[in-house]
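Each chain, written out:
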Amino acid sequence: MSADRPRLPPGQNLVTGWPVLHVGDVPAFDPGTWDFRITGAVESPIRLSWAEFRALPKVGVTADFHCVTSWSRYENAWEGVAFRTLAELARPRPEAKFVMAICEGDYEANIPIEALRRDDVLCAYRHDRRELQPVHGGPLRLVVPQLYAWKSAKWLRRLDFMPRDRRGYWEVRGYHNDADPWKEQRYSDEE
Ligand SMILES: Nc1nc2c(c(=O)[nH]1)N[C@H]1C(S)=C(S)[C@@H](COP(=O)(O)O)O[C@H]1N2
Ligand SMILES: [Mo]
């Protein structure tokens, strides 16, 4: 992104494959019952079926991906719906400062709204010109390339806009709340 920092964040190693990393089981996907919701501090709460979600304007973003366990994967070609597009639909209220990305199961990740407003943030359903595989978060995952990958929540079902911050799954289990790879914000005891 920025010219004054290295492409590979400090302490990271480049991989060529694509590791699979998550807690719990890969959830089943039923396109007939799946929905995506935007809730909380927004003017227009949203509930979309899979077909409705796929009909939203699509963007492509090519971005690097950095896991806190030290692997990085370059040049992921994501396709999906820009966070900006979803925010235009739901219209966050002025008091909305944070978003909880809520997934199937009990995984969730908190992100400041300003970090989601970057151009490269999207809810992705395709990767490298194929439908996103279930093990990598298919049908839908959040992608926040500028933060460690635990914030890129797989099997995303809901974005909850919040006036106050609340820690997500890993953020209460010892990971840093802010997760900037170039600042090596890995663990909460360094906050
Ligand atoms: N729902 C959910 N999303 C998740 C996780 C998880 O356990 N559950 N793990 C995170 C972590 S720690 C990483 S590194 C990336 C890994 O994504 P990948 O398996 O597609 O490489 O997913 C993130 N998103
Ligand atoms: Mo990770």
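Before reading further, recall that the structure is shown in the block above.
The paragraphs below set out a description of the structure included in this document. Keep in mind the model is a prediction, meaning the values are calculated, not measured.

**Section: the nonpolar core**
Piece 1. In terms of nonpolar packing, the biggest core is built from 42 residues, with Phe36, Ile38, Phe53, Leu86, Leu142, Leu159 and Phe161 touching the most fellow members.
Piece 2. Counting residues per element, this core draws most heavily on helix H2 (residues 83-90), at 4 residues.
Piece 3. Judged by nonpolar contacts, the second largest core, of 12 residues, contains Cys67, Trp78, Leu122 and Val143.

**Quick look at the site of ligand 1**
Piece 1. Surveying the vicinity of ligand 1 reveals 19 residues, the closest of which are Pro19, Val23, His136, Arg141 and Lys154.
Piece 2. Backbone polar atom of Pro19 to an oxygen atom of ligand 1: 2.7 Å apart, as the coordinates give it.
Piece 3. Within the contact set of ligand 1, an oxygen atom lies 2.9 Å away from a backbone nitrogen or oxygen of Leu21.
Piece 4. Considered on its own, ligand 1 offers 530 Å² of accessible surface; in the complex 97% of this is hidden by protein.
Piece 5. Here ligand 1 is seated within the largest pocket.

**Let's talk about the sheet that holds strand S3 (residues 46-49)**
Piece 1. Taken in spatial order, the 5 strands make up an open sheet running S3-S2-S11-S6-S7, and their pairing is mixed. This sheet does not close on itself; its edge strands, each paired only once, are S3 and strand S7 (108-112). Ignoring which end each strand starts from, the neighbouring axes of this sheet average 15 degrees apart.
Piece 2. The pairing of strand S2 (residues 35-40) with S3 spans 4 bridges and is classified as antiparallel.

**Concerning H2**
Piece 1. When we look at burial in H2, the residues that qualify are Phe83, Thr85, Leu86, Ala87 and Ala90.
Piece 2. Among the residues trailing H2, Arg91 stands out with phi positive, at a value near 55 degrees.

**Considerations on the packing of aromatic side chains**
Piece 1. Scanning the entire structure with this criterion turns up 17 aromatic pairs.
Piece 2. Note on Phe29 and Trp50: the rings are 5.2 Å apart at their centroids and 75 degrees apart in plane angle, and the pair reads as edge-to-face. On the criterion of sequence distance, the pair formed by Phe29 in the loop between strand S1 (13-14) and S2 and Trp50 in helix H1 (residues 50-54) is long-range, its members being 21 residues apart.
Piece 3. Judged by relative accessible area, Trp50 falls into the buried class, the value being 13%.

**Here's the deal with the state of the cysteines**
Piece 1. Under the definition given, this model contains 0 disulfides.
Piece 2. Free of any disulfide, Cys103 has its nearest neighbouring cysteine sulfur in Cys123, separated by 10 Å.

Rules behind the numbers
- Residues numbered from 1 in each chain as written.
- Chains lettered and ligands numbered in written order.
- Predicted model: local features only at pLDDT ≥ 70, side-chain atom pairs only at ≥ 80, totals over all residues.
- Heavy atoms only, no water.
- Core = buried A, V, L, I, M, F, W, Y, C linked by side-chain atoms within 4.5 Å.
- Buried < 20%, exposed > 50% of the residue type's maximum accessible area, 1.4 Å probe, protein only.
- Helix = DSSP H or I, 4+ residues; strand = E, 2+ residues; numbered from the N terminus.
- Near = heavy atom within 4 Å.
- Polar contact = N/O pair within 3.5 Å; in protein donor to acceptor, adjacent residues only side chain to side chain.
- Areas by Shrake-Rupley, 256 points an atom, 1.4 Å probe, with all protein chains shown as cover.
- 1 Å grid on protein atoms, 1.4 Å probe; cavity = no way out; pocket = protein on both sides within 12 Å on 5 of 7 lines; lining within 4 Å.
- Sits in = over half its atoms within 2 Å of the grid points.
- Pairing = 2+ DSSP bridges.
- Axes fitted to C-alpha atoms, helices over the stretch in contact; angles between N-to-C directions.
- Phe/Tyr/Trp six-rings, centres within 6.5 Å; stacked < 30°, edge-to-face > 60°.
- Disulfide = S-S within 2.5 Å.

Purely geometric stuff here, so don't read any function into it on its own.
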